[in-house]
Amino acid sequence: MEEEEIKQLKIERFEQIPSPSVFESQIESKNVPAVFNGCIKQWKAFTRWNPANGGLDYLQEKVGTSTVEAMLSRTAPVFYGDLRSHERVPFPFSTFIDNCKQHMLKADQGHDQPAVVSIAEEEHSPQKIYLAQVPIVNTEDLERVQLGALREDIQMPVFLETKEPASVNLWMNNAYARSSSHYDPHHNVLCIIAGRKQVTLWPPSASPSLYPMPIYGEASNHSSVSLENPDFSLYPRAEGSLGYSQVVVLHAGDALFIPEGWFHQVDSDDLTIAVNIWWRSNVMCSMLEHMDAYYLRRIMKRLTDKEMNHMLPKTSSPPDMRKMHTCELMSNGKADSSHSDSGFVHTCQETDLQGRDKDHRINLHMLEPFSLQALHELVSLVHDRVNLTDLNQPVKSTSTNDSVVSSQHDKTVRSIFVLDDDPVAKILWTLGPHILQNVLLAMASNFPRTLEALVLHLLSPIGAEVLTQKFDEMDQQNTEEDRNKFYQVFYAAFDDQFSAMDAILNAKESFALQAFKNVLDKYLQVNFDVLKPSTR
């Protein structure tokens with residue numbers, strides 16, 4: 001994550017409770033978590049539910065006859081949200097309160113371990129039970145409400161007075177508990193009524209390091225990585241996940257705004273009571289269903305573009321041209337036969353002349369030393385790596401990715417998509433747009449068959465991506481007349497300029513395809529070998 005992004009996503013604490021308008025315009029709109037110290041101390045629940053002041057008796061009298069849905073986990077004290085890792089079981093609320101009382105009694109007597117009351121079987125022991133997300137209010141499913149009688153003890157925080165809650169839920173545990181890393185599809189305010197919670201948060205952009213479960217699964221908003229024993233051989237990106245995280249500690253009376261999409265993991269001390277409030281964000285409220293396909297394509301395109309940039313890390317800047325005074329470049333004797341008289345000069349002095357004639361052609365003896373060195377390296381790579389018989393074989397024009405994929409089948413994914421593994425791409429990447437333009441014009445003018453072989457037989461997907469990015473930089477610096485002349489000279493070097501265009505575009509699209517596949521893997525946990533367009 002970039003330093004500027006980290007700064008923008010830093011979690012703030014507020015001593016003063018903001019107004020609804022300030023919260024919406026300055027906090028909610030940024031989609032960054034925020035802590036509000038002591039903002040719910042005026043709630044009736046803050047005093048009535050306090051276990052230290054008879055709060056457990058009050059809760060038992062108020063809703064003790066209710067049956068709640070509890071989370072039962074064999075991995076306690078860690079509670080994973082994956083449906084395969086826990087059960088939802090009906091549980092008498094009064095039984096849970098009795099367990100809490102026994103826990104407090106043992107703690108007062110100096111015993112470390114909480115008691116297991118006789119009415120609870122071993123598999124339903126207090127350490128394995130967590131009252132997670134027990135509905136107090138649920139506007140989307142009224143039948144799910146199990147503790148509706150507690151609604152009168154809860155007030156909307158001042159800054160949420162204009163919001164319509166989707167649900168209000170009770171969270172209660174009587175032994176240390178840790179929830180797995182997950183995100184929610186709604187905005188969330190977590191309010192601590194009793195006890196203490198530590199919350200670790202990650203922004204949505206960190207999801208690749210958390211390996212979210214497949215989008216088509218029942219627990220798609222949860223991380224696949226084990227909290228206790230992460231397998232970094234299976235989830236290598238997870239090793240750096242802490243670098244994206246922020247930790248906040250919440251005490252009784254505090255509230256934490258957790259925006260939609262932010263991953264969070266919650267560690268709860270013994271006997272904690274909390275309430276959370278979910279509401280739909282403005283973005284989700286304004287999303288039109290008939291636009292879903294468009295939104296999806298825009299999001300995937302943005303992530304793919306970002307991944308493509310990530311696949312091209314910034315390298316050190318090219319050598320300072322002003323410090324290069326001389327160079328000695330020996331011809332390898334393999335220049336194009338049609339231009340054998342040109343050859344390479346053996347020594348050259350630094351010059352500021354571009355060496356172009358009126359047709360934008362380049363004379364070798366007028367090239368800058370660094371340009372001449374790059375030209376020599378590119379020509380050498382072609383003659384060293386491309387079979388000479390390939391230079392005379394025509395390349396058919398094609399408009400699909402298949403030719404690129406098949407022509408690269410003997411290379412590993414790494415070698416054709418990683419800059420450090422591709423010598424051609426590395427040379428192109430280190431050249432400034434003006435230098436590269438002169439090099440390409442010199443190749444087109446003096447070694448057209450070598451340029452043709454470079455593009456048609458040696459240009460990898462990452463090389464094509466670098467080349468087209470350099471073309472864009474040239475276009476920004478050149479006038480329209482200079483742009484047209486450059487491309488005229490460049491493509492004139494090819495017997496079939498359409499095959500050259502196809503080779504560059506197909507390789508570039510192959511690079512984008514790999515970035516798209518990386519996005520599916522990192523954000524959706526979808527993996528496949530080759531993506532082909534659907535014909536249905």
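First, a word on what this report is: a plain description of the structure on this page. Computed from a predicted structure; not experimentally measured.

1. Focus: the environment of F370
Right, so step 1: With respect to the element layout, F370 can be found in helix 9 (residues 369-385).
Right, so step 2: The exposure class assigned to F370 is buried, which follows from its relative accessible area of 11%.
Right, so step 3: Residues F370 and I435, spaced 65 residues apart in sequence, show a C-alpha to C-alpha distance of 8.0 Å.

2. Topic: the environment of P203
Right, so step 1: Its location among the elements puts P203 in the loop between strand 10 (196-202) and helix 6 (207-210).
Right, so step 2: Owing to a relative accessible area of 3%, P203 belongs among the buried residues under this scheme.
Right, so step 3: Considered as a pair, P203 and P33 are 170 residues apart in the sequence and their alpha carbons are 9.2 Å apart.

3. Re helix 8 (residues 292-310)
Right, so step 1: With 19 residues, helix 8 ought to run about 27 Å at 1.5 Å a step, and its terminal C-alpha atoms sit 27 Å apart, in line with that.
Right, so step 2: Among all positions of helix 8, only M300, T304, E307 and M308 are buried. One face of helix 8 carries all of its buried residues, which in axial projection span an arc of 100°. In helix 8, the exposed positions that point more than 90 degrees away from the buried face belong to R302, N309 and H310.

4. Things to note about the sheet that holds strand 9 (residues 187-194)
Strand pairing in a sheet relies on backbone hydrogen bonds, with the paired strands running either antiparallel or parallel.
Right, so step 1: The strand order across the open sheet built from nine strands is 1-2-12-9-14-7-6-3-5, with neighbouring strands paired in mixed fashion. Strands with a single pairing partner mark the edges of an open sheet, and in this sheet they are strand 1 (12-14) and strand 5 (86-92). Between one strand and the next, the sheet's axes are offset by a mean angle of 25°, whatever the strand orientation.
Right, so step 2: Relative to strand 12 (residues 255-258), strand 9 runs antiparallel, the two sharing four bridges. By the bridge assignment for strand 12, N188 is matched with I258.
Right, so step 3: Contacts between helix 2 (residues 20-27) and the sheet are confined to strand 1, strand 2 (34-36), strand 12 and strand 14 (272-279), with strand 2 contributing the most and set at about 160° to the helix.
Right, so step 4: Of the strands in this sheet, strand 3 (67-73), strand 5, strand 6 (129-138) and strand 7 (167-173) are in contact with helix 5 (residues 93-108), which crosses strand 5 at around 95°.

5. Examining the packing of aromatic side chains
Right, so step 1: According to the stated counting rule, one finds 22 aromatic pairs in the structure shown.
Right, so step 2: Where F14 meets F36, the ring centres are 5.5 Å apart and the plane angle is 25°; that geometry is what we call stacked. Of the two residues, F14 is situated in strand 1 and F36 in strand 2; the sequence distance between them amounts to 22 residues.
Right, so step 3: On the basis of relative accessibility, which here comes to 23%, the residue F14 falls in the partly exposed class.
Right, so step 4: Each ring, one from F257 and one from W279, has its centre 5.9 Å from the other, and the planes form 25°; the classification is stacked. On the criterion of sequence distance, the pair formed by F257 in strand 12 and W279 in strand 14 is long-range, its members being 22 residues apart.
Right, so step 5: The ring of W429 carries K470 above its face, with NZ or CZ at 5.4 Å from the centroid.

6. Describing the nonpolar core
Right, so step 1: Formed by 58 residues in total, the largest nonpolar core has its most connected members in L375, L440, L451 and F490.
Right, so step 2: For this core, the secondary-structure elements that each account for two or more residues are helix 9, helix 11 (413-417), helix 12 (423-430), helix 13 (433-446), helix 14 (448-458), helix 15 (461-477), helix 16 (480-492) and helix 17 (497-524).
Right, so step 3: In this view, F490 contacts L440, A444, L451, V455, F471 and I504; residues no more than four positions away in its chain are not counted.
Right, so step 4: By size, the runner-up hydrophobic cluster in this structure holds 46 residues, among which are I27, F36, I136 and V189.

7. Some words on a nonpolar patch on the surface
Right, so step 1: Judged by side-chain polarity, V283, M284 and M287 come together as a nonpolar surface patch covering roughly 230 Å² of accessible area.
Right, so step 2: You can call M287 partly exposed: its relative accessible area is 33%.

8. Some details on the sheet that holds strand 4 (residues 78-79)
Right, so step 1: The mixed open sheet is built from five strands, whose spatial order is 4-8-13-10-11. In this open sheet, the two strands that pair with only one neighbour each are strand 4 and strand 11 (246-251).
Right, so step 2: Strand direction decides the pairing type here: strand 8 (residues 177-179) and strand 13 (residues 263-268), joined by two bridges, are antiparallel. When the sheet's bridge partners are listed, R178 is paired in strand 13 with D267.

9. What to know about the pattern of salt bridges
Right, so step 1: Taken as a whole and assessed by the stated rule, the structure comprises 17 salt bridges.
Right, so step 2: K163 is the salt-bridge partner of E24, the closest N and O atoms lying 3.6 Å from each other. With E24 in helix 2 and K163 in the loop between strand 6 and strand 7, this pair connects stretches of sequence that are 139 residues apart.
Right, so step 3: Taking the relative accessible area as the measure of exposure, E24 reaches 32% and is therefore partly exposed.
Right, so step 4: K163 gets classed as buried once you look at its relative accessible area, which sits at 11%.
Right, so step 5: Between K163 and E28 there is a salt bridge, with its nearest N and O atoms 2.7 Å apart. Of this pair, K163 sits in the loop between strand 6 and strand 7 while E28 sits in the loop between helix 2 and strand 2, and the two are 135 residues apart along the sequence.
Right, so step 6: A cluster of three or more residues bridged by salt bridges with shared partners is formed by E24, E28 and K163.

Definitions and cut-offs
Residues numbered from 1 in each chain as written. Predicted model: local features only at pLDDT ≥ 70, side-chain atom pairs only at ≥ 80, totals over all residues. Heavy atoms only, no water. Helix = DSSP H or I, 4+ residues; strand = E, 2+ residues; numbered from the N terminus. Buried < 20%, exposed > 50% of the residue type's maximum accessible area, 1.4 Å probe, protein only. Expected span 1.5 Å × (residues − 1). Arc of directions from axis to C-beta. Pairing = 2+ DSSP bridges. Axes fitted to C-alpha atoms, helices over the stretch in contact; angles between N-to-C directions. Contact = heavy atoms within 4.5 Å. Phe/Tyr/Trp six-rings, centres within 6.5 Å; stacked < 30°, edge-to-face > 60°. Lys NZ or Arg CZ within 6 Å of the ring centre and 35° of its normal. Core = buried A, V, L, I, M, F, W, Y, C linked by side-chain atoms within 4.5 Å. Patch = residues over 30% accessible without salt bridge, like charges linked within 9 Å, V, L, I, M, F, W, Y side chains within 5 Å. Areas by Shrake-Rupley, 256 points an atom, 1.4 Å probe, with all protein chains shown as cover. Salt bridge = Lys/Arg side-chain N within 4 Å of Asp/Glu carboxyl O.

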